[in-house]
2 protein chains.
Amino acid sequence: MEKKKYISMAVIKRLPKYHRYLRELLRKDVDRISSKELSERIGFTASQIRQDLNNFGDFGQQGYGYNVRELYKQIGIILGLTKDYNTVIIGAGNLGQAIANYSYFKSIGFKLKAIFDRNPKLVGLKIRDVEVVDSDDLEAFLKENEIDLGIICVPKEYAQDICKKLTDNGVSGIWNFAPIDLDVPKDVIVENVNLSESLLTLTCRMNDNLMGNRRKMKNPSQI
Amino acid sequence: MEKKKYISMAVIKRLPKYHRYLRELLRKDVDRISSKELSERIGFTASQIRQDLNNFGDFGQQGYGYNVRELYKQIGIILGLTKDYNTVIIGAGNLGQAIANYSYFKSIGFKLKAIFDRNPKLVGLKIRDVEVVDSDDLEAFLKENEIDLGIICVPKEYAQDICKKLTDNGVSGIWNFAPIDLDVPKDVIVENVNLSESLLTLTCRMNDNLMGNRRKMKNPSQI
């Protein structure tokens, strides 16, 4: 029986950072890099890097380093960046607009199909050539268009209802900015960006620091 | 010799979530809750909860549950929410404006003192009674005002320069939205919100899911 390959959530969380650093190396025309050099840039230990990258095949040669282009390509495949994602944003407030305007998303294959809002003042507005549509039309739109990804930028009291409409109509990935834990079917993936939790983590660490009681802690990006 | 109390980064990362759920319980006039009931709501195991909360004193009694109000208060102290934080935002684009408008931040003690931007069209604008000031005046402002926290919402190519100005002038906490790893003095705390890394984690997990190759993974919020 073939042993199933297991990539832990901790590794998955580190992959985007590898991808970002490798892209920068490619821009600087670096072909090869050792785990030691990569370690100095990225802040993970060299042994952690070797262990992580071993998950994806044989891109390194002892004493010779990693093939940057191949590794970048392979990590891009694992990150799902070889396909397009039809995307809708729900909530056209500052945050929704910030995301709609973020050119990086377009560059890696996100096709923004529509932005929804219940505010009549925003309906009809164009953000990067994409129109803001009335939220009442969300379900009809989802039935007519194959949408992969929904980005929820509405206040938390509306988030679960919006989420249900999305997942009932075939959306398989939710990027959620509302500070609640969404209830979704098993086969739907949710990634939360909880700004208040991030801010409280910061104040907690500042407080800890200010009290002169600094505790030894791991590099947060490694947790 | 007294043994120094050690709270791991993993526990610190879970505290804001406890704080949020406990606040909701207080709103619903719930006085006591068992680790089992809390577990069902919050999604951590009961034993994890008991272990986490044991770090902060004795708020639970076997068979009787936790005192919600006391626990909420104590976690608030550990999160540093008993003091005010003088704050500046650098970058008054959509993201900076979204953060300036987020009423939750004010409610937990963040005092927004100024917003900076280099765009003359934004300078002079008022967001929630706070004026957008020219970025050229940032250093002078920091020398005249005691600022605890800087929120960086500028494009990545300007982020390190802004960060240095902040930390050279006494800012001890940085909430960074630019997709780079900032170089800061040892006593400065940085909390990154890296939207592109969050999005790539989502696509990676969606991709994994779509390939019918779903791997067993831990609850991401527990990592």
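Residues numbered from 1 in each chain as written. Chains lettered and ligands numbered in written order. Predicted model: local features only at pLDDT ≥ 70, side-chain atom pairs only at ≥ 80, totals over all residues. Heavy atoms only, no water.

## Overview of the environment of I147(A)
Residue and element names in this part refer to chain A.
Phase 1 of the analysis: Relative to the assigned elements, I147 resides in the loop between helix 7 (138–144) and strand 8 (149–152).
Phase 2 of the analysis: Once the C-alpha coordinates of I147 and L195 are considered, the two residues, 48 residues apart in sequence, prove to be 26 Å apart.
Phase 3 of the analysis: Excluding residues that lie within four positions of it along the chain, I147 makes contacts with N86, T87, V88, K113, F141, L142, G170 and V171. (Helix = DSSP H or I, 4+ residues; strand = E, 2+ residues; numbered from the N terminus. Contact = heavy atoms within 4.5 Å.)

## Remarks on helix 4 (residues 68–78) of chain B
Residues three or four positions apart in an α-helix share a direction because the helix packs 3.6 residues into each turn.
Residue and element names in this part refer to chain B.
Phase 1 of the analysis: Within helix 4, the full set of buried residues consists of V68, L71, I75, G76 and I78. Seen end-on, helix 4 carries its buried residues on one side only, within an arc spanning 160 degrees. Helix 4 presents R69 and K73 as exposed residues on the side facing more than 90 degrees away from its buried surface.
Phase 2 of the analysis: The backbone nitrogen of R69 lies 3.2 Å from a side-chain oxygen of the residue at the head of helix 4, namely N67.
Phase 3 of the analysis: G80 sits one or two positions beyond helix 4 and adopts a positive phi of about 80 degrees. (Buried < 20%, exposed > 50% of the residue type's maximum accessible area, 1.4 Å probe, protein only. Arc of directions from axis to C-beta. Polar contact = N/O pair within 3.5 Å; in protein donor to acceptor, adjacent residues only side chain to side chain.)

## What about the relation of the copies chain A and chain B?
Phase 1 of the analysis: Mapping chain A onto chain B is achieved by rotating through 180 degrees and translating by 0.0 Å along the same axis, at an RMSD of 0.0 Å. Expressed as an axis order, the relation between the two copies is that of a two-fold axis. Within chain A, N94(A) has its C-alpha nearest the rotation axis, a separation of 2.5 Å. (Least-squares fit on C-alpha atoms with pLDDT ≥ 70 in both.)

## Notes on the sheet that holds strand 9 (residues 173–176) of chain B
Residues and elements named next belong to chain B.
Phase 1 of the analysis: Pairing is mixed across the open sheet formed by seven strands, whose spatial order is 6-7-5-4-8-9-10. Each of the sheet's edge strands pairs with one partner strand only, and the pair in question is strand 6 (126–127) and strand 10 (189–192).
Phase 2 of the analysis: Two elements, strand 4 (residues 85–90) and strand 8 (residues 149–152), share four bridges in a ladder whose sense is parallel. For T87, the partnering residue across the bridge sits in strand 8 and is L149.
Phase 3 of the analysis: On top of the sheet, helix 8 (residues 156–168) reaches strand 4, strand 8 and strand 9; it is set at about 170 degrees to strand 8, its chief contact. (Pairing = 2+ DSSP bridges. Axes fitted to C-alpha atoms, helices over the stretch in contact; angles between N-to-C directions.)

## Points about the packing of aromatic side chains
Aromatic rings considered in pairs are described by the distance between their centres and by the relative angle of their planes.
Phase 1 of the analysis: In the structure shown here, the tally under the stated rule is 14 aromatic pairs over all chains.
Phase 2 of the analysis: Plain terms: the ring middles of Y102(A) and F105(A) are 4.5 Å apart, the flat faces sit at 70 degrees to each other, and that makes the pair edge-to-face.
Phase 3 of the analysis: Ring centres 6.4 Å apart and planes at 70 degrees place the aromatic pair F105(B) and F110(B) in the edge-to-face group. Each member of the pair, F105(B) as well as F110(B), carries the same accessibility label: buried.
Phase 4 of the analysis: Feature note: the residues Y85(A), Y102(A), F105(A), F110(A), W175(A) and F177(A) constitute an aromatic cluster, connected by ring pairs.
Phase 5 of the analysis: The lysine or arginine in question, R14(B), covers the ring of F44(B), its NZ or CZ lying 5.9 Å from the ring centre. (Phe/Tyr/Trp six-rings, centres within 6.5 Å; stacked < 30°, edge-to-face > 60°. Lys NZ or Arg CZ within 6 Å of the ring centre and 35° of its normal.)

## Digging into the interface of chain A and chain B
Phase 1 of the analysis: With 73 residues of chain A at the contact, the number on the chain B side is 73 residues.
Phase 2 of the analysis: Regarding the contact of chain A and chain B, the summed buried area is about 6,800 Å², with carbon and sulfur atoms giving 61% of it.
Phase 3 of the analysis: Linking chain A to chain B there are eight salt bridges.
Phase 4 of the analysis: Between R205(B) and E191(A) there is a salt bridge, and its shortest N-O distance comes to 3.1 Å.
Phase 5 of the analysis: The tally of links between chain A and chain B comes to 22 residue pairs in polar contact (both at pLDDT 80 or more).
Phase 6 of the analysis: Going through the elements one at a time, helix 1 (9–27), helix 4 (68–78), helix 5 (94–100), helix 6 (103–107), strand 9 (173–176), strand 10 (189–192) and helix 9 (195–210) of chain A are the ones with two or more residues in the side of chain A that touches chain B.
Phase 7 of the analysis: Top contributing element to the side of chain A that touches chain B by residue count: helix 9 of chain A, with 15 residues. (Buried area = accessible area lost by both parts, 1.4 Å probe. Salt bridge = Lys/Arg side-chain N within 4 Å of Asp/Glu carboxyl O.)

## Thoughts on the sheet that holds strand 8 of chain A
Residue and element names in this part refer to chain A.
Phase 1 of the analysis: Reading across the sheet, the seven strands line up as 6-7-5-4-8-9-10 and stay open at both edges, with mixed pairing between neighbours. Of all strands in the sheet, those bounded by a partner on one side alone are strand 6 (126–127) and strand 10.
Phase 2 of the analysis: Relative to the sheet, helix 8 (residues 156–168) contacts strand 4 (85–90), strand 8 and strand 9, its axis offset from that of strand 8 by approximately 170 degrees.

## Concerning unusual backbone geometry
Phase 1 of the analysis: Here D29(A), not a glycine, exhibits a phi torsion of approximately 60 degrees, which is positive.
Phase 2 of the analysis: Tracing the chain through its elements places D29(A) in the loop between helix 1 and strand 1 (32–33).
Phase 3 of the analysis: The exposure class assigned to D29(A) is exposed, which follows from its relative accessible area of 64%.
Phase 4 of the analysis: The phi angle at R128(B) is positive, at roughly 50 degrees, despite the residue not being glycine.
Phase 5 of the analysis: Relative to the helices and strands, R128(B) is located in the loop between strand 6 and strand 7 (130–134).

## Section: the packing of helix 1 (residues 9–27) of chain B against helix 4 of chain B
Residues and elements named next belong to chain B.
Phase 1 of the analysis: Two elements in contact, helix 1 and helix 4, have axes whose closest approach is 9 Å; the angle formed by their N-to-C orientations is 145 degrees. In this structure, helix 1 meets helix 4 at a crossing whose hand is left-handed. Two secondary-structure elements touch here, helix 1 through L15, Y18, H19, L22, R23, L25 and L26 and helix 4 through V68, R69, L71, Y72, I75, G76 and I78.
Phase 2 of the analysis: Residue composition of the contact of helix 1 with helix 4, by class: 10 nonpolar, two polar and two charged. (Left-handed = near helix turned anticlockwise from the far one by under 90°. Nonpolar A, V, L, I, M, F, W, Y, C, P; charged D, E, K, R; others polar.)

## Notes on the pairing of strand 8 of chain B
All names here are of chain B.
Phase 1 of the analysis: Here strand 8 shows no split at all, with L149 and I151 on one side and G150 and I152 on the other all buried.
Phase 2 of the analysis: Relative to strand 9, strand 8 runs parallel, the two being bridged by four bridges. Looking across to strand 9, one finds that L149 is bridged to G173.
Phase 3 of the analysis: For the handedness criterion, the β-α-β arrangement of strand 8, helix 8 and strand 9 is classed as right-handed. (Right-handed = clockwise from strand over helix to strand, strands pointing away.)

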